[in-house]
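The primary structure of each chain is shown beneath.
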Amino acid sequence: MLVSVAVLAGCTAPGPAPGAASAVPAVTVTAPEPELRTAVQAALDRRAAAVLGHDVPPGDPAAHLADVPLATWAYRIIDVKRDGARATVRAELSHTLTGHDTGPVTGGRVLELTRDDRAGGWRVTADRPAPGAAPQLWEQGPVQVVRGARSLVLGVGHDPARLRDVAAVADRAVPAVQAAWPGEWAGRVVVLVPRSVDALGQLMGQPADAYRGIAAVTTGRTGPGGGAHADGSADRVIVNPEAYGGLGDFGQRFVLTHETVHVATRAHTTAATPLWLSEGFADWAAYRGSGRTPAENAPELRDAVRAGNLPDALPGDADFTFGGDAGTVARAYAGGWLACELIADRWGEDKLTAFYRLAGASGAERAFRDVLDTTSDAFTWAWRDRLRQEFSSAPSR
């Protein structure tokens, strides 16, 4: 377990942001005839009101949301195609959860409608993910709800006691993250627990094999390196029940704390943020105060250094790619964590968070200069020296 904790955090697993928190790609909106658009929007609004009121028929997948605390639910028309008494609509669905979301979760949908003059116009007969969009949790079965003090856990097909255990761990993760990241964020986390790793793969829109060894992922980021949008849109932590269930108490706390860091820092995590920093900071916050040693936390990197394979440079983004060599990924996480440890130890924790913010806004090079008053080359030399001190008896140079 000690070898695999960092890998099991799994934040940079391959694939696009899942439908659970992905925006509809930019498209050219087709303008239907105004009367048709107005009538179709009215039908979509009626469906939204029915979902919010938990007033949909039993066979409708939205009926699985009966216990979910929905605050908003709305459709925005992108395109309408009519064929006589039938119409097909591409739309963006946005929804929020009461007390948890400051911005919406969005996803692409295709809705089918039938003209029903007796019912007052158009009626929605089907609502499914748009091509290329992943399904939502409620399409996998009735959603179970557990409310924690600082968390909301939504699951499908689990013993309620197991979901309560996840909520308890998430509740401990939030204050740990608040202590490490004093910036403004919601201070709460939403955790999804699908039935299986196969179900997780469906939510991510990727083959399940990409996630079998990963205990959890965080949505709302645009792929490796983060690229989160500072738009207030909601994140979700999605747990792989199989890998997560195989971890001990520390491993589970580590994973959910690591993922919650990504929720807290997403407004300051951009394409300019190197993965060694975003993943290293998440590991730093998760290990913070644990009393564990670098040799315990980074056995793969320790063994490499002792074998004479001291890294020449900070981990590159490609080193974090899952599906490649597991040792490379583990050493990358460890290297990023120790880089953040170095900043916190030598310059202070406030400087570490300031470095993170400026790196996301203006790049790491400027953050090295303006926050740490150093250069990337000088920092890399200091980091390599730190690895020598921690993992080998070789003299510093």
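Computed from a prediction, not measured in an experiment: that's the story for all the values here.

### Some words on the sheet that holds strand β1 (residues 70-83)
Strand order across the open sheet formed by four strands is β1-β2-β3-β4, with antiparallel pairing between neighbours. One side of each edge strand has no neighbouring strand; the edge strands of this open sheet are β1 and β4 (121-129). Neighbour to neighbour, the strand axes of the sheet diverge by 30° on average, direction disregarded. When strand β2 (residues 86-97) meets strand β3 (residues 105-116), the two strands line up antiparallel, connected through 10 bridges.

### Some words on the packing of helix α10 (residues 326-346) against helix α11 (residues 349-362)
It is the contact of α10 with α11, at a shortest axis distance of 6 Å, that shows an interaxial angle of 130°. By the angle between their directions, the pair α10 and α11 is classed as oblique. When α10 is examined against α11, the residues Cys340, Ile343 and Ala344 are found in contact with a partner set consisting of Glu349, Lys351, Leu352 and Phe355.

### A look at the packing of aromatic side chains
As enumerated under the stated definition, the model contains 16 aromatic pairs in all. Ring geometry for Trp276 against Phe368: centres 6.3 Å apart, planes inclined by 20°, an arrangement best described as stacked. Taken together, the residues span a long stretch of sequence, with Trp276 in helix α7 (residues 275-287) and Phe368 in helix α12 (residues 364-370) at a distance of 92 residues. No difference in accessibility class separates Trp276 from Phe368, as the two residues are buried. Look at Trp347 and Phe379: their rings are 6.1 Å apart centre to centre, the planes differ by 40°, and that puts the pair in the tilted class. On the criterion of sequence distance, the pair formed by Trp347 in the loop between α10 and α11 and Phe379 in helix α13 (residues 376-391) is long-range, its members being 32 residues apart. Classification of Trp347 as partly exposed rests on a relative accessible area of 25%.

Reading the values: rules and limits
In this numbering scheme, every chain counts its residues from 1 along its sequence in written order. Owing to the predicted nature of the model, reporting of local features is limited to residues with pLDDT of at least 70; listing and counting of side-chain atom pairs is limited to 80 or more, with chain, interface and lining totals taken over all residues. Derived side-chain values reflect all non-hydrogen atoms in the structure, with water molecules and hydrogen atoms excluded from consideration. Two strands pair under a simple rule: DSSP has to find at least two bridges between them. Under the scheme used here, helices are H or I runs from DSSP no shorter than 4 residues and strands are E runs no shorter than 2 residues, and both carry numbers assigned from the N terminus. Every axis in this analysis is a line fitted to C-alpha atoms, fitted for helices over the stretch in contact. Angles between the N-to-C directions lie between 0 and 180 degrees. Roughly parallel here means an angle under 35 degrees, roughly antiparallel means over 145, roughly perpendicular means 65 to 115, and every remaining angle is called oblique. By the convention used here, residues are in contact when the closest approach between their heavy atoms is within 4.5 Å. Aromatic contacts are taken between Phe, Tyr and Trp rings whose centres are within 6.5 Å, Trp giving its six-membered ring; a plane angle under 30 degrees counts as stacked, one over 60 as edge-to-face, and the others as tilted. Only protein chains enter the accessibility calculation, which uses a 1.4 Å probe; a residue is then buried when its area is under 20% of its type maximum, exposed when over 50%, and partly exposed in between.

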